[in-house]
Amino acid sequence: MKYPWKFLLLSIYLLLSSCTSIPKGIEPVENFELQKYLGKWYEIARLPHSFEEDLEQVTAEYSLREDGGVKVINRGFNIKKKKWEEAIGRAYFIEENNIGQLKVSFFGPFYGSYIVFELSPNYEYALISGPSKDYFWILARQPQLDKQSMQKLLDIAKSKGFDINSLILAQPPNK
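Right, let's walk through the structure included here.

Cut-offs and rules
- Residues numbered from 1 in each chain as written.
- Predicted model: local features only at pLDDT ≥ 70, side-chain atom pairs only at ≥ 80, totals over all residues.
- Heavy atoms only, no water.
- Phe/Tyr/Trp six-rings, centres within 6.5 Å; stacked < 30°, edge-to-face > 60°.
- Helix = DSSP H or I, 4+ residues; strand = E, 2+ residues; numbered from the N terminus.
- Lys NZ or Arg CZ within 6 Å of the ring centre and 35° of its normal.
- Patch = residues over 30% accessible without salt bridge, like charges linked within 9 Å, V, L, I, M, F, W, Y side chains within 5 Å.
- Areas by Shrake-Rupley, 256 points an atom, 1.4 Å probe, with all protein chains shown as cover.
- Salt bridge = Lys/Arg side-chain N within 4 Å of Asp/Glu carboxyl O.
- Lys, Arg positive; Asp, Glu negative; His and termini not counted.
- Charge placed at Lys NZ, Arg CZ, Asp CG, Glu CD.
- Pairing = 2+ DSSP bridges.
- Buried < 20%, exposed > 50% of the residue type's maximum accessible area, 1.4 Å probe, protein only.

1. Some remarks on the packing of aromatic side chains
Enumeration according to the criterion identifies 14 aromatic pairs in this entry. A ring pair is formed by Y37 and Y114, whose centres lie 6.5 Å apart and whose planes are at 80°; its orientation type is edge-to-face. Linking Y37 in helix 2 (residues 34–37) with Y114 in strand 6 (residues 110–119), this pair joins segments that are 77 residues apart in sequence. Among the aromatic side chains, those forming a connected cluster through ring pairs are F32, Y37, W41, Y62, F93, Y114 and Y123. Against the face of W84 rests R75, its NZ or CZ located 4.5 Å from the ring centre. In this arrangement the basic side chain of K103 is found over the ring face of Y111, its NZ or CZ atom lying 4.7 Å from the centre.

This is the structure:
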C-alpha cells in the first residue's frame, strides 16, 4: 500500500465518528434547554454494560463547564466491592445546542453518543440512547417513577427497538 498512514487515519476517523452516530429510528429532541437539563438525575433502568456492572443507586449529575461544555459525574454503589464509585466526564453538543444530541467522554479523546430522544415537558424524565440500540437509559429527577409513567416510557423504548426485556431496573416503580 502506497499511503498506509492515510488508511490508518481514515480508519480512526470512521471509528470515532461512528461512536457519535444516531441509531436508526432515533431522533434527538428539539428545543432542548440545557439549563433545565442540568442537575441530578436518577437512573431508573438501563441495558447492561461492563462499565456499570454491579452498580446500584446510579445517578448522573450535569453542570456547566467553563469551556461551554457539560461536566458529567456518574456515581453508583458497587454491591460487590461495597463502595461508591464515580466517573467524571465531559459532554459537548454535536450540532446545535438546542438539539438533544451530545458527545460524552470519560476517557481521553474518545467520545460516545448521548442522545436525549424523549423528554417530559417539565424535564422530569428522559430516555437516552447511545450510538447503537445496545445503549439505553431511563433517567428521572426522582429515584422512582409511578407505574403509569414507567409503562409509557417502556412502551416508547420498545416501539423504538430497544430490548426492554434485558433492562436492569433500579427499583420497582411506585404504585
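2. Side note on a negative patch on the surface
A contiguous patch of negative charge on the surface is contributed by E27, E30, E95 and E96. Positionally, E30 belongs in the loop between helix 1 (4–18) and helix 2.

3. Notes on the pairing of strand 2 (residues 55–64)
Within a regular strand, the side chains alternate between the two sheet faces. Summarising the sheet, strand 1 (residues 39–46) and strand 2 pair through 4 bridges and their orientation is antiparallel. Looking across to strand 2, one finds that Y42 is bridged to T59. Where strand 2 hands over to strand 3 (residues 70–78), the hairpin turn is made up of 5 residues, of which G68 adopts a positive phi near 95°.

4. Regarding the pattern of salt bridges
Overall, the coordinates contain 7 salt bridges when judged by the stated rule. Close ionic contact of E52 with R46 constitutes a salt bridge, the shortest N to O distance being 3.8 Å. With a relative accessible area of 7%, E52 lands in the buried category. The exposure class assigned to R46 is buried, which follows from its relative accessible area of 5%. When the shortest N-O distance is used, the salt bridge between K81 and E85 registers 3.6 Å. For K81, a relative accessible area of 55% translates into the label exposed.

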